[in-house]
Every structure is written in C-alpha cells, then in structure tokens.
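Architecture and fold: a report
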Amino acid sequence: MRTSFNIPDDLLSEFDETWQAEGLNSRSRGAREAIQEYIEAHARLEDIEGDVVVVMTLDYEHEAVIEDIHDVQHQFQDIITTTNHIHEREWCLETLFCNGPASRVRTFAYQLRDFDTVSRVKLLLLAEH
C-alpha cells in the first residue's frame, strides 16, 4: 500500500540519516520499522493493568504551553512522585516518575501528547504490581 505523510524537512533529513546509518536499504523499510516500534510501544501501554511504576519523559516549547502543561500535571499529582525540569534554549525537558493505576498513567500520557508543541512523550515501564 502506498501512502503519503506531511513531515517537516528537518525531521525527514534526520530520519534519512538514521536509516542509512543503520544500513537499511530504503526509506520505506525505515518507516515500516519505525511504525512497528510505535505500535509495539503503544500496544504495551494499552495492555497494562493494575498499578505501575513508570518514568515519563517529554520535551516541549517552553513559552507555548508551560502553563497548560503545569495545569495537566496538577490534575495528576496523585500519580506523579518526582519531577525533574531543565531548559535547553527554548525547550523544556522533563522527567516524571509516576506510580499508580496504569489507566491513570495512560490518560496522563495521552493528555500530554495532545499538545502540538510537545515534541515527544516517552514511557519506560519499571514495574507492574
């Protein structure tokens, strides 16, 4: 199946450099592998039940959403145990340690991903209870 995507030029350039450096034979192959990794990570998050301990990382443009990001974080104070926040030029980089129901962690991650100026939200599952 053929499809098309709107991807910023700088992101596409980085992607091309990455798949070529890894020795893949085409951009399509790199895209298939990236999509598969996304599906696996997403499915894993969807499959978890019960309480979890998770490290969540995100980066975002400071000026564009800082108040909104903090509002969302305040809504999830019950699962956030520790945060680390640093600045890299106009970007904020945050690490959040979360402990609580997997469904609540999922909802939190999805709300953070809804912001256009959040570049990425990554989760590392440390424990399931």
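All residue numbers refer to position in the chain's written sequence, counted from 1. Selection of residues for local features in this predicted model requires a pLDDT of at least 70, selection of side-chain atom pairs for listing and counting requires 80 or more, and totals for whole chains, interfaces and linings are taken over all residues. Calculated side-chain values reflect all of the structure's heavy atoms, with hydrogen atoms and water omitted.

**Here's the deal with the environment of Arg-29**
Rules: Numbering goes from the N terminus for both helices and strands, where a helix is a DSSP run of H or I of at least four residues and a strand is a run of E of at least two. Residue burial is assigned from relative accessible area. The probe radius is 1.4 Å, only protein chains are included, and a residue is buried under 20% of its type maximum, exposed over 50%, and partly exposed in between.
By the secondary structure assignment, Arg-29 is in helix α2 (residues 27-47). Looking at Arg-29, the relative accessible area reads 35%, which means it is partly exposed. When the C-alpha positions of Arg-29 and Trp-19 are compared, they lie 8.3 Å apart, and in sequence the two are 10 residues distant.

**Structural notes on the domain arrangement of the chain**
For the record, the criterion: Each domain span listed reflects an automatic or database assignment of domains.
One can read the domain layout of the chain as domain 1 (9-41) and domain 2 (51-128). A separation of 25 Å is found between the C-alpha centroids of domain 1 and domain 2.

**What to know about the layout of surface pockets**
Gaps left between atoms are located by rolling a probe of water-molecule size over the structure's atoms. Here is the rule we go by: Detection works on a 1 Å grid of protein atoms alone, calling trapped sets that fit a 1.4 Å probe cavities and calling open sets with protein on both sides within 12 Å along at least five of seven lines pockets, with lining residues defined by an atom within 4 Å of a point. Grid points are joined across faces, edges and corners, and a volume is the space filled by probe spheres set on the points.
In this structure, the largest pocket encloses a volume near 1900 Å³. Residue lining of the largest pocket: 41 residues in total, with Leu-11, Phe-15, Ala-34, Ile-35 and Tyr-38 positioned closest to the centre. Elements with a minimum of two residues in the lining of the largest pocket: α1 (9-21), α2, β1 (51-61), α4 (102-113) and β4 (118-128). A total of 12 residues in the lining of the largest pocket trace back to one element, the largest contributor, which is α2. The two domains that each donate at least three residues to the lining of the largest pocket are domain 1 (9-41) and domain 2 (51-128). Roughly 160 Å³ of volume is contained in the second largest pocket. Contributing to the lining of the second largest pocket are Phe-15, Thr-18, Trp-19, Glu-22, Leu-24, Gly-30, Glu-33, Ala-34 and Glu-37.

**Observations concerning the side chain of Glu-94**
As a reminder, the rule being used: All tallies of charge rest on Lys and Arg as positive and Asp and Glu as negative; His and the ends of each chain are not included. Take a side-chain nitrogen of Lys or Arg and a carboxyl oxygen of Asp or Glu: if they are within 4 Å of each other, that pair is a salt bridge. Only heavy atoms matter for contacts: two residues are in contact if any of them lie within 4.5 Å across the pair.
Relative to the helices and strands, Glu-94 is located in strand β3 (residues 91-101). For the buried Glu-94, no salt bridge exists, and the shortest N-O distance to an oppositely charged side chain is 14 Å, to Arg-120. Setting aside its immediate chain neighbours within four residues, Glu-94 contacts Met-56, Thr-57, Leu-58, Tyr-60, Ile-69, His-70, Gln-73, Asn-84 and His-85.

**Some thoughts on the packing of helix α3 (residues 62-75) against α4**
Heads up, the rule is: Axis geometry follows a simple rule: fit a line to the C-alpha atoms, using only the stretch in contact for helices, then measure angles between N-to-C directions, giving values from 0 to 180 degrees. When an angle is under 35 degrees it counts as roughly parallel; over 145 it counts as roughly antiparallel; between 65 and 115 it counts as roughly perpendicular; any other value is oblique. The nonpolar class holds Ala, Val, Leu, Ile, Met, Phe, Trp, Tyr, Cys and Pro. Asp, Glu, Lys and Arg form the charged class, and all remaining residues, Gly among them, are polar.
With their axes 10 Å apart at the nearest point, α3 and α4 run at an angle of 175° to one another. One way to sum up the angle between α3 and α4 is to call them roughly antiparallel. Here α3 contributes Ile-69, Val-72, Gln-73 and Gln-75 to the contact with α4, which in turn contributes Arg-104, Phe-108, Gln-111 and Leu-112. Tallied by class, residues from the contact of α3 with α4 come to four nonpolar, three polar and one charged.

**Quick word on the sheet that holds β3**
Applicable threshold: Any two strands with at least two DSSP bridges between them are considered paired.
Reading across from one edge, β2-β3-β1-β4 is the order of the four strands in this open sheet, with antiparallel pairing throughout. Strands at the two margins of the open sheet, each flanked by one partner only, are β2 (80-88) and β4. With direction set aside, neighbouring strand axes in the sheet form an average angle of 15°. In the sheet, β1 pairs with β3 via 11 bridges, with the strands oriented antiparallel. When the bridges of β3 are listed, Asp-59 appears paired with Leu-93. Contacting β1, β2, β3 and β4, α3 crosses the sheet at an angle of about 160° to β1.

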